[in-house]
Every structure is written in structure tokens, then in C-alpha cells.
Amino acid sequence: MEQEMKYILMMNTMRAGCGVPQWPQKDLQAHIAFMMGLNQELHERGELVSAEGLSFPDQAKLIRAGKDGRPITDGVFPESKEFLAGFWIIDVDGPERAYAIAAQVSAAPGPGGAPLNMPIEVRPIMAGPPPEML
Amino acid sequence: MNKPWDETCGYLLRELAPQVLGVLSRRFRDFASAEDAVQEAMIAAFRQWPQEGMPDNPRGWLIQVASRRMADQARSEIARRERETTVARDAESATLAFDIDSDLDPDDTLILLFMCCHPALSPSSAIALTLRAVGGLTTAEIARAFLVPEATMAQRISRAKQSIRDSGVPFRLPSPEERAQRLSAVLHVLYLIFNEGYASSIGAHLQRLDLAREAIRLTRNTKSLPPDHAEVTGLLALMLLTDARRAARSGPDEELIPLERQDRRLWDRAEIAEGLELLTAALSKGSVGFYQLQAAIAAVHDEAERAEDTDWPQILALYELLRRVSPGPMVTLNHAIAAAMVHGPAQGLQLLTALDADPHLAGHYRLEAVRAHLLEKMGDHEGAIKHYRVAARQTTSIPERNYLMAQAARLAGL
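What counts, and at which threshold
- Residues numbered from 1 in each chain as written.
- Chains lettered and ligands numbered in written order.
- Predicted model: local features only at pLDDT ≥ 70, side-chain atom pairs only at ≥ 80, totals over all residues.
- Heavy atoms only, no water.
- Helix = DSSP H or I, 4+ residues; strand = E, 2+ residues; numbered from the N terminus.
- Buried < 20%, exposed > 50% of the residue type's maximum accessible area, 1.4 Å probe, protein only.
- Contact = heavy atoms within 4.5 Å.
- Areas by Shrake-Rupley, 256 points an atom, 1.4 Å probe, with all protein chains shown as cover.
- Lys, Arg positive; Asp, Glu negative; His and termini not counted.
- Charge placed at Lys NZ, Arg CZ, Asp CG, Glu CD.
- Axes fitted to C-alpha atoms, helices over the stretch in contact; angles between N-to-C directions.
- Parallel < 35°, antiparallel > 145°, perpendicular 65-115°, else oblique.
- Left-handed = near helix turned anticlockwise from the far one by under 90°.
- Nonpolar A, V, L, I, M, F, W, Y, C, P; charged D, E, K, R; others polar.
- Phe/Tyr/Trp six-rings, centres within 6.5 Å; stacked < 30°, edge-to-face > 60°.
- Lys NZ or Arg CZ within 6 Å of the ring centre and 35° of its normal.
- Core = buried A, V, L, I, M, F, W, Y, C linked by side-chain atoms within 4.5 Å.
- Pairing = 2+ DSSP bridges.
- Salt bridge = Lys/Arg side-chain N within 4 Å of Asp/Glu carboxyl O.
- Buried area = accessible area lost by both parts, 1.4 Å probe.
- Polar contact = N/O pair within 3.5 Å; in protein donor to acceptor, adjacent residues only side chain to side chain.

Draft legend 1. Spatial organisation of the overall build of chain A. Secondary structure summary: chain A contains two helices and six strands in total. Secondary structure of chain A in N-to-C order comes out as β-α-β-β-β-β-α-β. Burial statistics for chain A: of 134 residues in total, 36% are counted as buried. Contacts in chain A between residues far apart in sequence, at least 24 positions, make up 77% of those at least 6 positions apart. Approximately 7900 Å² of chain A is accessible, and the part contributed by carbon and sulfur atoms is 58%.

Draft legend 2. Seen up close, the overall build of chain B. Per the secondary structure count, chain B includes 19 helices and zero strands. Referenced to the eigenvectors of the C-alpha coordinate spread, the extents of chain B come out at roughly 85 × 45 × 40 Å. Here chain B, with 414 residues, has 53% of them falling under the buried criterion. Pairs at least 24 residues apart make up 66% of the contacts formed inside chain B by residues separated by at least 6 positions. By element, 52% of the accessible surface of chain B is carried by carbon and sulfur atoms, the whole surface being about 18700 Å². For chain B, the centre of its 47 positive side-chain charges and the centre of its 55 negative side-chain charges are spaced 3 Å apart.

Draft legend 3. Fine view of the packing of helix α1 (residues 25–44) of chain A against helix α2 (residues 95–106) of chain A. All names here are of chain A. Close contact between α1 and α2 brings their axes to 11 Å; oriented N to C, the two are set at 160°. Classified by the angle between their axes, α1 and α2 sit roughly antiparallel to one another. Judged by the sense of rotation from one axis to the other, the crossing of α1 with α2 is right-handed. On the side of α1, the interface is formed by F34, M35, L38, E41 and L42, while α2 contributes R97, I101, Q104 and V105. Considering only residue class, the contact of α1 with α2 consists of six nonpolar, one polar and two charged.

Draft legend 4. Spotlight on unusual backbone geometry. Phi is positive for B:R29, close to 50°, though the residue is something other than glycine. Residue position: B:R29 is located in the loop between α1 (7–28) and α2 (31–52).

Draft legend 5. Geometry of the packing of aromatic side chains. Residue and element names in this part refer to chain B. Evaluation of the coordinates by the stated rule reveals five aromatic pairs over all chains. Aromatic side chains W49 and W61 sit 5.0 Å apart centroid to centroid with 75° between the ring planes, which places their arrangement in the edge-to-face category. Here W49, found in helix α2, pairs with W61, found in helix α3 (residues 58–80); they are 12 residues apart in sequence, far enough to count as distant. Look at F290 and Y291: their rings are 5.0 Å apart centre to centre, the planes differ by 75°, and that puts the pair in the edge-to-face class. Residue classification places Y291 among the buried residues on the basis of a relative accessible area of 7%. Clustering of aromatic rings is evident, with ring pairs tying together Y191, F290 and Y291. Seen from the ring of W267, R245 lies directly overhead, with NZ or CZ sitting 5.7 Å from the centre.

Draft legend 6. Region of interest: the nonpolar core. Residues and elements named next belong to chain B. By size, the foremost hydrophobic cluster in this structure holds 105 residues, and its most contacted members are L24, L62, L129 and L131. Looking at this core element by element, the count peaks at 10 residues for helix α9 (residues 176–200). Non-local contacts of L129, meaning those with residues more than four positions away in its chain, are made with F31, E35, C116, L121, V134, I157, A160, K161 and I164. By size, the runner-up hydrophobic cluster in this structure holds 25 residues, among which are L355, A372, A392 and A408.

Draft legend 7. Looking closely at the pairing of strand β1 (residues 5–14) of chain A. Residue and element names in this part refer to chain A. Within β1, eight of the 10 residues are buried, which leaves the element mostly enclosed by the surrounding structure. Here β1 pairs with strand β5 (residues 82–92) via 10 bridges, running antiparallel. Opposite I8, over in β5, you have I89 as the bridge partner. Pairing of β1 with strand β6 (residues 120–124), which is carried by five bridges, proceeds in the antiparallel orientation. In the sheet register, M10 faces β6, and the bridge partner there is E121.

Draft legend 8. Structural detail: the side chain of B:R264. All names here are of chain B. With respect to the helices and strands, R264 occurs in the loop between α11 (230–243) and α12 (269–283). Buried charge without a partner: R264 forms no salt bridge, and the closest opposite charge is D302, 6.8 Å away. If we skip the residues at most four places from it in the chain, R264 touches L259, R269, H301, A304, E305, R306, A307 and T310.

Draft legend 9. Spotlight on the side chain of A:H31. Mapping A:H31 onto the fold places it in helix α1. Beyond its immediate sequence surroundings of up to four residues, A:H31 is in contact with A:W23, A:A108, A:P109 and A:L116.

Draft legend 10. The arrangement of the interface of chain B and chain A in detail. Counting from both sides, the interface comprises 41 residues of chain B and, opposite them, 26 residues of chain A. At the boundary of chain B with chain A, total buried surface from both sides reaches about 3000 Å², with 59% on carbon and sulfur atoms. Across the pair A:D91 and B:R156 runs a salt bridge, and its minimum N-O distance is 3.2 Å. Summed over the shared surface of chain B and chain A, the result is eight residue pairs in polar contact (both at pLDDT 80 or more).

Here it is in C-alpha cells:
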């Protein structure tokens, strides 16, 4: 038996292709239904901690503290190749289950119903047990 | 004539939960629904009793409330099927009339433990269900303890019960042949609950339920049940001997303090004394298992007044035994640490080189952390810094990462 552990699954999208996807309506609906069904499944299995979709990068602001500690918004949003489109936090029995869920997310249907096979970044959340040191 | 509510009432209430669940499960032959009904009765009690005081017969109160829930449920089920309601009414009057105390079975808690820790369940489901059905905790408390939403935890519990239903496990004690194997699953779940609690007792989780204490309480209960198994006693001893160091194992900023630098005056002497007594009793029974050996190692540490007084040859001998009883990568690693303490860091490092070939350990942060520690003892500060940092990158524990980064910074003179 492996001890349960939390993971974050990050869905990164290429910036170049970002924006509202120009898919046929039925494909869009199938994609949305797939994601909702997946969240429901994770919830029913008692594995879902949270799942959030993020706004498009046009809504993003980069903030830094000024000398007086007040927020300064960068005028120009720097170009990065990828941006985070959404994430899941799951609580599962070991990494294999986390990878299996990531693969499920990755295969979400795209245009024509074909699996997108998006790259999903899986990282453990820092909540592992600190063992007794030597 | 209600007894005013105080903290002990909460404990008593929790102790009653598995007894009440046992009565209902046998009576209605439906563990899953009975478990829900008992949970509702527990929530009602926690809401009502602190204000109104504890009823004279708290167990009877819980049985009655839970039975009524079950009758309500049966009635609505029947109504849904558009049948006569008389059946439900009969069920209700029958449940209210039965003799509460003659229905108690001392084996109930044990049966429940065997059910909730069934090998068919995943560890996280078994843990959640055990805490609720045997521990008498509410779903909300368990969810908070594991930092997941309450709805998620509720789902985990109902899925666990579905698995039990699907597997067709009857509500009775497993056969004597099956008992030993099933008991080891129970002990493993209790051990995992303790570890979870031990891990979360450092860090910004002060609002969390004390799972280590819950695990000790449940193990104590398990120990009081037949069969009096040496490994149950060993597990309880291990928990107490480890929990005794709680106050010393983290500093004012919640930083991890390793065993060798702990202020041993902060160790809980009463817990150590009880742990030692239990361990002696367990070891006298003959068959030595995983938990007894782990407890014996914890005891050697606890008995040393100063870190330098630690009887490392004895710990090494115990790890030799543990390697035979329960081989595994962590046991191998700890064996290497003990060997280094007895025969010097050079030999320890040599043993670690052999472990690099172990697929379960290669690249594991613990291996790197130990290597760093031994390199430091050898005076190779540069090597130690490098491996402390490798380990810091690989661990999944924030207190551990902070500790390892601090070691590297200390050696680098930063």
C-alpha cells in the first residue's frame, strides 16, 4: 500500500495557438463535456481537491512591488512560449494514479473528436512526510 | 438528569460510535446505510449534547436516533417505490423497542476494523472509512485533517463502502485462518494514520485534527480486543515511543530538528515508559515482527540520555533482524546508517554505493541526504554541500527541504 499524496496537473497551452479555439461547435461541446465528466469522475472517486480553468493570457498582469511596496503593473506583457490554461489538484494513492489521470486529461477530444494528446505537467505537492533524520 | 458536557464527553461519544454501528449493522444487515445513519446521529449528538448535556444513556440515545434515520430512509425508499408504508412503520416500532444492551457484541469494533481495513480497499479509502466508522470522526473533521474538500472525502467514504458491498464481506469476524493476514492490513492502516499525523504535526497545519493521537487511540482500542497479538502491542509501543519526541522535533519556526540535536529533556517520559513496558510485554511473547522491531529501535534511541550515548551496535543488530523479517529499500538504507555509526562513515559510504544500484533507492532524496551527512562526517564539506542540495531538490516535504538547504548553507558558510 502506498501512502496517498497530492499532485498538481498543469495543462500548458502553446501561446501561438491560444485564444478561443476555432473548432466546430459540436467538437467544442464534446471537449467541454469531456472535461466536466472528468471532474465529476475525479470527485466521485474522492480524488479531486480542486480544478480551475484560467483566463486567457490577455487578462494576465505582471505585478511587482515598487520601492514603496505598492504594486506596479508592467506595461508590456512579456512573450512566453507557453501559458498555464488550467490545473487540477488531486489527492491519490501514489504517482501511477496521478500519471493515469494526466493521460486522461491529455487525451481530451479536439477537432473532429481526435485526442489532443496535450502535454500535462505532473508535480508532487510538497506535503510528504519528513522522516526522522539521522 | 443530563450530565454537563465537557471534553471527555467528546471522547466517550467517539468510543460509542463503533458499538452503535455494530448493533445497527447486525440488526439491519446493511453496513453502508447503518454507517451513514450513525454518522448522522453523531453529528446530531455533537450539535445537541454540548448545549443540553449528555443523556443518561448516551449509547441508547445514539442507537435510537440512528435507528430512526434508518427507518426514515427505509420509508422514503418504500414511498419511492409506491408501496405500503406499514412495513416502514413496523420497522420503526421494532427498532425502538429492542433491548439495547443485550444487542451489544464485544467483537463489533474488531469486526468493523477488519471490514474498514479490508485489503480490497485502497489505503486512502481504508483510512477515511476507519476514521469515520471506527474512530467516530465526522466527515468534515477527516476532510480537514487531509486538507481535501468535505464533499471529496464524503465520496471517498461512500466509494469505500460500495467496494465493501461489492466484495460481499459479511458482518462477522473472519475465519481464524484469515485473521492473521487481515490483522496485518488493520495494523498497516493504523500505521499510515499515525505517519500522516506525525508528518503533519510540523508545519502550518495547526487547525488539523491530531491524527497521531487518533491513531494511538484506535491502536489502544485494537489492542484491548482479542486476539492479543504481539504485533498490535508492538505497533502501539512504536507509536508511543515515536510520539514521545513530538515536542523536541521542531523548533520555534517549525524547523525540523534531527534526533541527534533534539533537546531530550522535552521528550515525554510517561509515553516512553509506557512504550517500553508494552514493548517488553510484546517481545516476551516470542514471535518478533516488523512493528516490534521498529519499536525496539525507537526504544534504543529513547533510552539514550544524550545522542552520543546511543547504543548503535544494538540498533545495527536490530536492523539486521528487520532486514530478514521485512526487507525493503528503507530498511536497507537505515541499516547502512547504523553500520556507519558503528564502523565509521567510510564504511557507511561504501554501503551506500551498493544501494545506488537499487532501483527503489537510486536518486531517492533520503539516500542523498544520508550520503551528504556521512560526507560531512568524513570532512568532505564540498561533497556534503553538493549532496545536501541534491536531496533538497528531490524531497517532497517542505520542512525537510528547509532543513537540507540549511545544512548546505551552514557548511558553505553562508
